[in-house]
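Overview (structure and organization)
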Amino acid sequence: MSDGVGKAYFGRRYLMSASHRLNAAERTAIENREIYGQCNNPNGHGHNYFVEVLVGGEVDRETGMVINLTTLDKAVQARVLDRFDHVNLNCDPLFQKQVPTTENLCRAIFELLKDSLPAGKLEHVRVEETENNFFECFGESKNQPANEARV
Amino acid sequence: MVFLTRRATFSASHFYWIEAWSKEKNEQVFGRCSNRNGHGHNYTLEVTVAGEPDTVTGYVIDLKWLKDAIEREVLASFDHRHLNLDVADFAPGKAVPTTENIAIAAWKRLEPAVNARGGAQLHRVRVYETPELFAEYRGGK
C-alpha cells in the first residue's frame, strides 16, 4: 500500500485560547476604532482558536505514516501551544511591532513550526478564530486556492 | 475548474502493529494504537472531484452517482468492519491501517470508478479519524 504511492498529507487540529486587542500604533484612536471596530476594545477580548496543521510527505513504507502524531503533537505543543495558549497575544514579543490579527498569528505559527517538524514538510497552517472566520498560510510555496487545501 | 466534495461516514475498528517488530517497539512507536484487541472510530470520508460543470446540467458530477460509488467501493468494505481482520487492503504485512493508508486505500478504490465514468477527475480523498485528526491523499501529488 505504501510502496510508490507518492505524497500524502496528515492533518491535526489543536485548540488554544488567547486574548488580543487590535490596535495599530501608527494610527490615531479614532482611526483604530474605525479600522478594527469592536476588536479595538481597550481591554481586549478572547477567542478559542483552532489551529490546523497540515504536514505533507512520503508515507513511511513500514509504519504507514507521514509523521507520527505524537511527535507532531510535541512539536506543536513546544513551539505553539506553550507560547500562545492562555496568554494575552499582545504581550508576546512577536506582537510588539505587529498587530495580533489572526492573519499575523497564522503566519507566526507557520514560521515557528516550519523548521521544527521531525518529519515531513509543513504545507499549511489554518487558524480558525471563530466558527465563521479562518485564515490560512501556505508559507513560501506558491499560493494555492482555498479549495486545494480544503473544500 | 470546479471542485465538488461529498462526505460520508463509516465506523470501524483497527490496531497498529508490525509483525517484524518486538512488542516493545510496536508500543513505543504506535502507543495506545498498538493494543492488539483494537479500538474503533467514527470516520468521516471526504471525496473531492474536480471538473468543469456540464453546460446543460450544470453538474460537475452526479452527486447520487458519487454517493453510490462511495458506498459501493469503500463503505461496503470498511463500514462496521475490523480493518485489520476484515479488509484485504490492510492484511498483515500489507499496510498498517493508519489514517494515511486508509486515505490511500479509499483513493485506489474510487479512482478507477471515477475515471471509467469520464468527465470529473478524482482530486482528493480526506479521512477524518476524529474531528482533530485527518489524512489526505491527492494521488501522490
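Residues numbered from 1 in each chain as written. Chains lettered and ligands numbered in written order. Predicted model: local features only at pLDDT ≥ 70, side-chain atom pairs only at ≥ 80, totals over all residues.

1. Some points on the overall build of chain B
Under the convention used in this document: Elements are defined by DSSP. Helices are runs of H or I of four residues or more, strands are runs of E of two residues or more, and each kind is numbered from the N terminus. We call two residues in contact whenever the C-beta atoms placed from their backbones are within 7 Å.
Per the secondary structure count, chain B includes 4 helices and 5 strands. For chain B, the sequential pattern of α-helices and β-strands runs β-α-β-α-β-α-α-β-β. Viewed in the frame of its principal axes, chain B has a C-alpha envelope of about 60 × 30 × 25 Å. Contacts spanning at least 24 positions in sequence make up 68% of the contacts within chain B whose residues lie at least 6 apart.

2. Quick notes on the overall build of chain A
This is how the line gets drawn: Between the buried cut of 20 or more and the exposed cut of 12 or fewer other C-beta atoms within 10 Å of a residue's own C-beta lies the partly exposed class, and all C-beta atoms are placed from the backbone.
Within chain A, the regular secondary structure consists of 4 helices and 5 strands. Order of helices (α) and strands (β) in chain A, N terminus to C terminus: β-α-β-α-β-α-β-β-α. Along the first, second and third principal axes, the C-alpha atoms of chain A reach 60 × 30 × 25 Å. Counting only residues that meet the buried cut, chain A has 30% of its 151 residues in that class.

3. Some points on the environment of His47 of chain A
Residues and elements named next belong to chain A. Relative to the assigned elements, His47 resides in strand E2 (residues 45-58). Measuring from C-alpha to C-alpha, the distance between His47 and His20 comes to 8.4 Å, with 27 residues separating the pair along the chain. Not counting the four nearest positions on each side in its chain, His47 is found in contact with Ala18, Glu129 and Thr130.

4. Things to note about the interface of chain A and chain B
How we decide: Polarity classes work like this: nonpolar for Ala, Val, Leu, Ile, Met, Phe, Trp, Tyr, Cys and Pro, charged for Asp, Glu, Lys and Arg, and polar for all others, with Gly in that last group. Note: two strands are recorded as paired if DSSP finds a minimum of 2 bridges between them.
If you look at the interface, chain A gives 22 residues, while chain B gives 25 residues. Breaking the side of chain A that touches chain B down by element, the ones donating at least two residues are strand E1 (7-20) and helix H2 (69-84) of chain A. Broken down by class, the residue content of the side of chain A that touches chain B amounts to 10 nonpolar, 8 polar and 4 charged. Alignment of E1 of chain A against strand E5 (residues 133-140) of chain B, held across 6 bridges, turns out to be antiparallel.

5. Points about the packing of H2 of chain A against helix H3 (residues 102-114) of chain A
Residues and elements named next belong to chain A. So the rule is basically this: Think of each axis as a best-fit line through the C-alpha atoms, taken over the contacting stretch in the case of a helix, with angles from 0 to 180 degrees between the N-to-C directions. For classification purposes, angles smaller than 35 degrees are called roughly parallel, those larger than 145 roughly antiparallel, those between 65 and 115 roughly perpendicular, and all remaining angles oblique. Crossing chirality is assigned from the near helix's rotation relative to the far helix, an anticlockwise turn below a right angle marking it left-handed and a clockwise turn marking it right-handed.
For the pair H2 and H3, the least separation of the axes is 10 Å and the interaxial angle reads 130°. Judged by the angle between their axes, H2 and H3 are oblique. Our pair here, H2 against H3, has a crossing hand that is right-handed. For the pair H2 and H3, contact is made by Ala75, Val76, Arg79 and Val80 and by Ile109, Leu112 and Leu113, respectively. Tallied by class, the residues present in the contact of H2 with H3 amount to 6 nonpolar, no polar and 1 charged.

6. Some remarks on the confidence of the model for chain A
Where the model shows low pLDDT, its predicted coordinates should not be examined in detail. Rules: The predictor rates its confidence in each residue with pLDDT, a number between 0 and 100.
Here chain A averages 89 in pLDDT, and 90% of its residues register 70 or above. Under a pLDDT of 50 for its full length, residues 141-151 of chain A has, in the predicted model, 11 contacts with residues more than four places off or in other chains.

7. Points about the environment of Lys108 of chain B
Position of Lys108 of chain B relative to the elements: it lies in helix H4 (residues 99-117). Measuring from C-alpha to C-alpha, the distance between Lys108 of chain B and Val125 of chain B comes to 10.0 Å, with 17 residues separating the pair along the chain.

8. Things to note about the pairing of E2 of chain A
Two faces make up the sheet, and in a regular strand the side chains alternate between them. Residues and elements named next belong to chain A. Two strands pair when backbone bridges link them, and E1 and E2 are joined in this way by 14 bridges, in the antiparallel orientation. Bridging from a neighbouring strand, Ala18 pairs with His47 of E2. Alignment of E2 against strand E4 (residues 121-130), held across 7 bridges, turns out to be antiparallel. Each bridged residue has a counterpart across the sheet, and for Val55 the counterpart in E4 is Leu122.

9. Some details on the pairing of E1 of chain A
Pairing between E1 of chain A and strand E3 (residues 87-88) of chain A: 2 bridges, direction parallel. Bridge pairing in E3 of chain A links Ser19 of chain A to Asn88 of chain A.

10. Some thoughts on H4 of chain B
Residues and elements named next belong to chain B. Formally: Multiplying 1.5 Å by the helix residue count minus one yields the expected span of that helix. What we call the bend at a residue is the angle made by axes fitted to the seven residues finishing there and the seven residues starting there.
With 19 residues, H4 should reach 27 Å at 1.5 Å per residue; the first-to-last C-alpha distance of 27 Å fits that figure. Where H4 bends most, the angle comes to about 30°, and this point is Leu110, followed within four residues by the proline Pro112. Along H4, the positions that sit buried rather than exposed are Thr99, Glu100, Asn101, Ile102, Ala103, Ile104, Ala105, Ala106, Trp107, Leu110 and Val114. In the segment just after H4, Gly118 is the residue with positive phi, at about 80°.

11. Quick look at unusual backbone geometry
In this model, His86 of chain A sits at a positive phi of 60°, which is unusual for a non-glycine residue. Positive phi, normally seen in glycine, also occurs at His80 of chain B, with a value near 55°. Along the polypeptide, His80 of chain B turns up in the loop between helix H2 (63-78) and strand E3 (81-82).

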